[in-house]
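One-letter residues, chain by chain:
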Amino acid sequence: MRPISYLRAEGTDAVDSALRAVGGDPGSDFLAGGTTEVDLLRQNVLGPRRLVDINRLPLADIEDLPDGGLRIGALARMSEVASSPAVQERFPLVSRALVLGASAQLRHMASMGGNMMQRVRCGYYRDGESPCNKREPGAGCAALAGVSRNHAVLGTSEHCIATHPSDVAVPLVALDARIHTRTLEGEHTYAIDDFFLEPGDAPHREHPLTHGELITAIEVPALPMARRSLYLKVRDRESYEFALVSVAAAIEVRDGKVSGVRIALGGVGTRPWRARRAEDALVGGPATTKSFDLAARAELAVARTTPMNAFKPELARRTLVRALETLTADGSPS
Ligand code: SF4
């Protein structure tokens, strides 16, 4: 049994006291909803000596921005964001991704900031014993020659092929969200493209945050075409399951031609995957199934598979085509 001490940050100085407590001690970590962190503590994958509970910090509001965007507090719960009328109306792809993630109980506990920080579901990482470069740099990667059906096909390296697990991060990448953070030195803002790192030769480094840097909010810029958008998730069972493939998409069509499009893929990348090749292939061209198919193929041409996950590029192609067909058909996306 490993002792862990607990400190609750509260009061008028709560944010600064949490920053001081964690920033000044390499053995301390923040604790928000705990829906991933507590599992990993139990499995001895994470080993902090102290947890600093940040649940009472005033970081849970969902605020309108002057341009029509939203600022979502890092401690807003997944279920609160999913049911927010502003999110449902302006960014239905975000709401849908949240509703399709985890279980109702977990959505009530899990925070948006914690969701950005959730760890991979690779079984070799979580068993605490198998060779895993993410858990123990330089140890090797058991998944390369092991069970890899759910692993990534985009953004992989010879050091790690774990899939990024988040649903809601996928539409946030499509929407060019920004991640706001604080340290004792001040505030910082990351473009979401710079926030999620590919494994390369350092898979243990998943984001650019320093120890003690706290996510305070996620900013979603206004995007009128996102009012008609969707999140399509394909998985082995209908609920409480991670994506084999998911697609977050918004598209704008004028006179039969694509005038704007945003696409990101989940379940296939080592990070939430912005499909820029597909977007570039689509803009200015006809909004037809053939174009959608060519764009999907362009995106997935760089996929690298294992014998167990070789089905993923084709599943991703079909899912992306279906998402764009749904958005451009008459009637509302389902
Ligand atoms: Fe570890 Fe990544 Fe390999 Fe899984 S895929 S065993 S997380 S290095």
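Residues numbered from 1 in each chain as written. Predicted model: local features only at pLDDT ≥ 70, side-chain atom pairs only at ≥ 80, totals over all residues. Heavy atoms only, no water.

> Please clarify how the packing of helix α12 (residues 289-300) against helix α13 (residues 312-328) should be interpreted in this entry.
Angle between the axes and distance between the axes: these two values describe a pair of packed helices. At their nearest, the axes of α12 and α13 sit 9 Å apart, and the two run at 145 degrees to each other. Here the hand of the crossing between α12 and α13 comes out right-handed. Residues Thr289, Phe292, Asp293, Ala296, Arg297 and Leu300 of α12 pack against Pro313, Ala316, Arg317, Leu320, Val321, Leu324, Glu325 and Thr328 of α13. Along the lines of polarity and charge, the residues of the contact of α12 with α13 split into eight nonpolar, two polar and four charged. (Axes fitted to C-alpha atoms, helices over the stretch in contact; angles between N-to-C directions. Helix = DSSP H or I, 4+ residues; strand = E, 2+ residues; numbered from the N terminus. Left-handed = near helix turned anticlockwise from the far one by under 90°. Contact = heavy atoms within 4.5 Å. Nonpolar A, V, L, I, M, F, W, Y, C, P; charged D, E, K, R; others polar.)

> I tried to follow the packing of aromatic side chains on my own but got confused; where do I start?
Ring pairs (aromatic) are described by centroid distance and by the angle formed between their planes. A full pass over the atoms with the stated rule returns two aromatic pairs. Between Tyr190 and Phe195, the ring centres sit 6.1 Å apart and the planes meet at 70 degrees, which makes this aromatic pair edge-to-face. Each member of the pair, Tyr190 together with Phe195, is buried. Aromatic side chains Phe195 and Phe196 sit 5.1 Å apart centroid to centroid with 90 degrees between the ring planes, which places their arrangement in the edge-to-face category. The pair Phe195 / Phe196 is uniform in exposure class, with both members buried. (Phe/Tyr/Trp six-rings, centres within 6.5 Å; stacked < 30°, edge-to-face > 60°. Buried < 20%, exposed > 50% of the residue type's maximum accessible area, 1.4 Å probe, protein only.)

> Explanation requested: α13 in the structure shown.
Each full turn of the α-helix corresponds to 3.6 residues, which orients residues three or four apart in the same direction. Between its first and last C-alpha atoms α13 spans 24 Å; for 17 residues at 1.5 Å apiece the expected length is 24 Å, and the two agree. All buried positions along α13 are accounted for by Lys312, Pro313, Ala316, Arg317, Thr319, Leu320, Val321, Ala323, Leu324 and Leu327. Check the buried side of α13 and you find it contacts β9 (229-234), β10 (245-254), β11 (257-266), α11 (276-282) and α12. (Expected span 1.5 Å × (residues − 1).)

> What should I look at first to understand the UniProt feature "domain: FAD-binding PCMH-type" (unreviewed entry) in the protein in this one?
UniProt records the feature "domain: FAD-binding PCMH-type" (unreviewed entry) for residues 1-225 in the present numbering. As annotated, residues 1-225 has a helix share of 27% and a strand share of 17%, and its two end C-alpha atoms lie 53 Å apart. (UniProt positions renumbered as here; feature names shortened; annotations may be inferred.)

> Looking at this structure, how should I read the environment of Phe242?
Structurally, the position occupied by Phe242 is in the loop between β9 and β10. Excluding anything up to four places from it in sequence, Phe242 contacts Gln118, Arg121, Pro165, Lys233 and Arg235.

> Quick question: what am I supposed to make of the pattern of salt bridges here?
Side-chain pairs of opposite charge can arise whenever the charged atoms involved come near each other. Across all of its chains, the model carries 26 salt bridges by this definition. Ionic pairing is found between Arg317 and Asp293, a salt bridge with its closest N-O pair at 2.4 Å. With a gap of 24 residues between them, Arg317 in helix α13 and Asp293 in helix α12 connect regions that are remote in the sequence. Here Arg317 falls in the buried class, since its relative accessible area comes to 15%. Each of Asp293, Arg297, Glu314, Arg317 and Arg318 takes part in one network of salt bridges that share partners. (Salt bridge = Lys/Arg side-chain N within 4 Å of Asp/Glu carboxyl O.)

> Is there a simple way to explain helix α5 (residues 92-99) in this structure?
Within α5, six of the eight residues are buried, which leaves the element mostly enclosed by the surrounding structure. Along α5, the positions that sit buried rather than exposed are Pro92, Leu93, Val94, Ser95, Ala97 and Leu98.

> When you look at the environment of Ala226 in this model, what are you seeing that I'm missing?
Structurally, the position occupied by Ala226 is in the loop between β8 (214-220) and β9. On the basis of relative accessibility, which here comes to 0%, the residue Ala226 falls in the buried class. Along the chain, Ala226 and Ile62 lie 164 residues apart, while their C-alpha atoms are 18 Å from each other. Dropping the residues within four chain positions of it, Ala226 is found in contact with Arg90, Phe91, Pro92, Leu93, Leu175 and Ala250.

> Honestly, the nonpolar core in this entry has me stumped. Any pointers?
Soluble globular proteins: nonpolar side chains tend toward being buried together. Counting 42 residues, the largest nonpolar core has Val94, Met112, Met116 and Leu172 as the members making the most contacts within it. With five residues, helix α9 (residues 169-174) is the largest single contributor of residues to this core. Among the nonpolar cores identified, the runner-up in size contains 27 residues, and Val153, Ile251, Leu282 and Ala323 belong to it. (Core = buried A, V, L, I, M, F, W, Y, C linked by side-chain atoms within 4.5 Å.)

> Looking at this structure, how should I read the domain arrangement of the protein?
Reports of interface size often rely on the accessible area that becomes lost once the parts have come together. Here the domain parsing of the protein yields domain 1 (1-55) and domain 2 (226-328). When each unit is reduced to the centre of its C-alpha atoms, the spacing between domain 1 and domain 2 is 38 Å. (Domains from an automatic or database assignment.)

> What is the right way to look at the site of the ligand in this model?
In the vicinity of the ligand there are 15 residues, among which Cys122, Cys132, Cys141, Cys160 and Ile161 approach most closely. Along the lines of polarity and charge, the residues of the shell around the ligand split into eleven nonpolar, three polar and one charged. (Near = heavy atom within 4 Å.)

> Help me out: how do you make sense of the sheet that holds strand β3 (residues 50-53) in this one?
In a beta sheet, neighbouring strands pair by backbone hydrogen bonds and run either parallel or antiparallel. Sheet architecture is open: three strands sit in the order β1-β3-β2, paired in parallel fashion. Across the chains shown, the open sheet's two edge strands, defined by having one partner strand only, are β1 (5-8) and β2 (28-31). In this sheet, neighbouring strand axes are inclined to one another by 25 degrees on average, regardless of whether the strands run parallel or antiparallel. Here four bridges tie β1 to β3, and the two strands are oriented parallel to one another. Within the sheet, the bridge partner assigned to Ser5 lies in β3 and is Arg50. Relative to the sheet, helix α1 (residues 14-23) contacts β1, β2 and β3, its axis offset from that of β2 by approximately 145 degrees. (Pairing = 2+ DSSP bridges.)

> Just checking my understanding: could you explain unusual backbone geometry for this structure?
One can expect most non-glycine residues to show negative phi and most peptide bonds to be in trans. Backbone geometry places Asp176, a non-glycine residue, at a positive phi of 55 degrees. Of note, Asp176 is situated in the loop between α9 and β6 (178-183). Since its relative accessible area comes to 30%, Asp176 is described here as partly exposed. Phi at Tyr240 is positive, roughly 50 degrees, even though this residue is not glycine.

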